[in-house]
Every structure is written in C-alpha cells, then in structure tokens.
Amino acid sequence: MSELTLNNGVTIPQLGLGVFKVPPAETQRIVEDALEAGYRHIDTAAAYKNEAGVGAAIAATGIAREEIFVTTKLRNGEQGQAQEAFLNSRNTLGLDYIDLYLIHWPVPSQGLFTQAWKEMERIYANNQVRAIGVSNFLSEHLDMLLESAEVVPAVNQIELHPSYQQAELAAKCRSLGIAVEAYSPLGQGGDLNGNAVTAIAQAHNTSTAQVVLAWHLATGNIVIPKSANPARIRENLAAAELTLSDDELAAITALEAGARIGSDPAVAAFTQL
Ligand code: NDP
C-alpha cells in the first residue's frame, strides 16, 4: 500500500478502513479481519463509540503497533476539554499514542475550535500524538484557525467523492501543505452505479468501488472506505493495484454534481455526546 508523507514527515498509508456506523460489538472482529487482509490504517472517532473494538483488534493481532496508523477524533461537545477527551480516547483504544487526532467538526456557532487547536498543539508537543489535523473545515474555518495556529494541520478530512469533490477546498488544502483525506469516498455507495464508472469497471474487469477508489488514489487523496463485509473489505484494498488512464480519470472527475450527503460544516452543531 502506498504511503503519503504528511507536512511533519509522518507517513500515512493512503488507503485505510473507516469504521463509522460499524456496530461496537462487531468492531473488533471487522478490524481484525481488515488487519489480516493487509490494512494498516484505521479511521475511528470518539463519536463512533467503537474505539474500544479498534483497540482490542490491534491488541489481538501480532502486528507491531508502529505498523498500524490509527486516527481518532475530538467530539464536538468536548472542544472545551480537548486534553481530557484525548486521554479518554487513548485509554479507550488502549494505546500509548495516537497517530492522528482530528477536530471532528468546526462547529463555528460554538466558537471553540481555535481554543481546541491550542490544546491539540500541546498534546502534539507532549509526543502523545504523531500528527494533528482537522475534519469538515471549510475555507473560512482554515483561515480562522491559521491566524493563531503554530502547527499547520496535517490533514483536513472532508466529504469527497466523484459527485461531490470540493475541488476548490481540496486545492486550497494542498497549497497550504494540508493533506486531503476523503470521507464517504464511495458516496456511501451512491457513486457506484453510474454509467461512466460502470463502463470503466467493465473495461478493467474490476468492481465499480475499485474504480472510484483508484481515482481517489491517483488524485492524491487519502481515502478511508467503510465496509463491514469481508469480501468488500478485501476488494477495496485491492483498488491500489488498479491504474486508470488519464481519460478514465477525467471521466470520473466530470461526475461532479454538487451532491453533498453529509451535514453542512458551516451550520452543523451537533454535540456528538
Ligand atoms: P463510504 O463512501 O465509505 O461508503 C460506505 C458504504 O458503501 C457502506 O454502505 C458499505 O457497505 C458500502 N461499500 C463499501 N465498500 C463497497 C464495495 N466495494 N462495493 C459496494 N458497496 C460498498 O461512506 P462512509 O460515510 O462510511 O465513509 C467512510 C469513512 O469515512 C467512515 O467510516 C468514517 O471513518 C469516515 N467519515 C468521516 C466523517 C467525518 O465527519 N469526519 C463523516 C463520514 C464518514 P458494507 O459495509 O455493507 O460493505
């Protein structure tokens, strides 16, 4: 699996497993299976309530801790207590350190994300986390954060799939040295049935999910498809072996439709508690 180098020199496997909506009771089994299949990057969050299962899977495998990249995220309702929330996540995961810790949403109405970032910078300075970043930050949130930030976020994890690419935001992130991490990379399955993707999949004798994931990888996105199905978990990882032509990549890029699935970060204000 190819790795990308973040702006502080830390490397991250470009394709990982997302575990949003993976039931807590099934998380250990699914993550163990993914590690067995070859995944070395798991994306969870305190809000997913399945950090314990992720940690149990890591503990149960014989794979060295430093070979696995673990991301978790600060809940919106805990932006005022980032240090405490971080320690809770680390304890729940049962890990000595976290690889990447993200502010899950900016929640601009709360007015706390710059304060939370200061706490994250302290956590980073204390070597408890290898990289810190943000998620769901729009251009204006990045501008506000960077006014007082001492550490530039390593990543911005945003909704990104063929029918909703946020090209301007992604370009801005890249120009700032912030890696773009695509969440809901398959459009939660909705981007897998169109004619263009189907034709490319038929031409390569692959699945449509592999085509969409190969497009992400060629675009330079970090990508974290979720699957709870053993066959699809393996199928998604094998997308790294698929190379698309420039014309095929362009045909997928042309599928932009402004089709956001998730909440609008400008107004989203749920606490996640
Ligand atoms: P995805 O785009 O990854 O789609 C997941 C859906 O696609 C599931 O229904 C899954 O079903 C299905 N699927 C997976 N692989 C295949 C395949 N090969 N063929 C057909 N269907 C497939 O959406 P998510 O929203 O789950 O995003 C992925 C990850 O991104 C999350 O798990 C989470 O880690 C992160 N995320 C972060 C957010 C944030 O705010 N920072 C918000 C949302 C997601 P099945 O399980 O049955 O295979």
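Here the structure is a predicted model, which means the values were calculated and not measured.

Enquirer: Even after reading the chapter, I still don't get the packing of helix α8 (residues 208-219) against helix α10 (residues 246-253), so can you show me in this structure?
Expert: When two helices pack together, their arrangement is given by the angle between their axes and by how far apart the axes lie. Two elements in contact, α8 and α10, have axes whose closest approach is 10 Å; the angle formed by their N-to-C orientations is 100°. Compared by their axis directions, α8 and α10 come out roughly perpendicular. Side by side, α8 and α10 meet where V211, W215 and A218 of the first sit next to L249, I252 and T253 of the second. Class assignment for the residues of the contact of α8 with α10 results in 5 nonpolar, 1 polar and no charged.

Enquirer: Just to check I follow, could you spell out the sheet that holds strand β7 (residues 129-135) for this structure?
Expert: The pairing of strands in a sheet comes from backbone hydrogen bonds and takes either a parallel or an antiparallel form. If you trace the 8 strands from one edge of the open sheet to the other, you get β3-β4-β5-β6-β7-β8-β9-β10, paired in parallel fashion. This sheet does not close on itself; its edge strands, each paired only once, are β3 (17-18) and β10 (222-223). Set on the sheet, helix α4 (residues 113-125) makes contact with β5 (69-74), β6 (98-103) and β7; between it and β7 the angle comes to about 165°.

Enquirer: Is there a simple way to think about the packing of aromatic side chains in this case?
Expert: Geometry of an aromatic ring pair is reported as the spacing of the ring centres plus the angle between the planes. Counted by the stated rule, this structure contains 4 aromatic pairs. A centroid spacing of 4.9 Å and a plane angle of 75° characterise the contact between F86 and Y101, whose relative ring orientation is edge-to-face. In this pair, F86 sits in helix α3 (residues 82-93) while Y101 sits in strand β6, placing the two residues 15 residues apart along the sequence. Sitting over the face of the ring of Y97, R65 holds its NZ or CZ atom 4.0 Å from the ring centroid.

Enquirer: Is there a simple way to explain helix α1 (residues 24-37) in this structure?
Expert: At 3.6 residues per turn, the α-helix brings residues three or four places apart onto the same side. Compared with the 20 Å implied by 1.5 Å per residue over 14 residues, the 20 Å span of α1 between its first and last C-alpha is a close match. Tucked inside the fold, the buried residues of α1 contact β3, β4 (41-43), α2 (51-60) and α9 (230-237). G38 occupies a position one or two residues after α1 and carries a positive phi of about 125°.

Cut-off values and rules
- Residues numbered from 1 in each chain as written.
- Predicted model: local features only at pLDDT ≥ 70, side-chain atom pairs only at ≥ 80, totals over all residues.
- Heavy atoms only, no water.
- Axes fitted to C-alpha atoms, helices over the stretch in contact; angles between N-to-C directions.
- Helix = DSSP H or I, 4+ residues; strand = E, 2+ residues; numbered from the N terminus.
- Parallel < 35°, antiparallel > 145°, perpendicular 65-115°, else oblique.
- Contact = heavy atoms within 4.5 Å.
- Nonpolar A, V, L, I, M, F, W, Y, C, P; charged D, E, K, R; others polar.
- Pairing = 2+ DSSP bridges.
- Phe/Tyr/Trp six-rings, centres within 6.5 Å; stacked < 30°, edge-to-face > 60°.
- Lys NZ or Arg CZ within 6 Å of the ring centre and 35° of its normal.
- Expected span 1.5 Å × (residues − 1).

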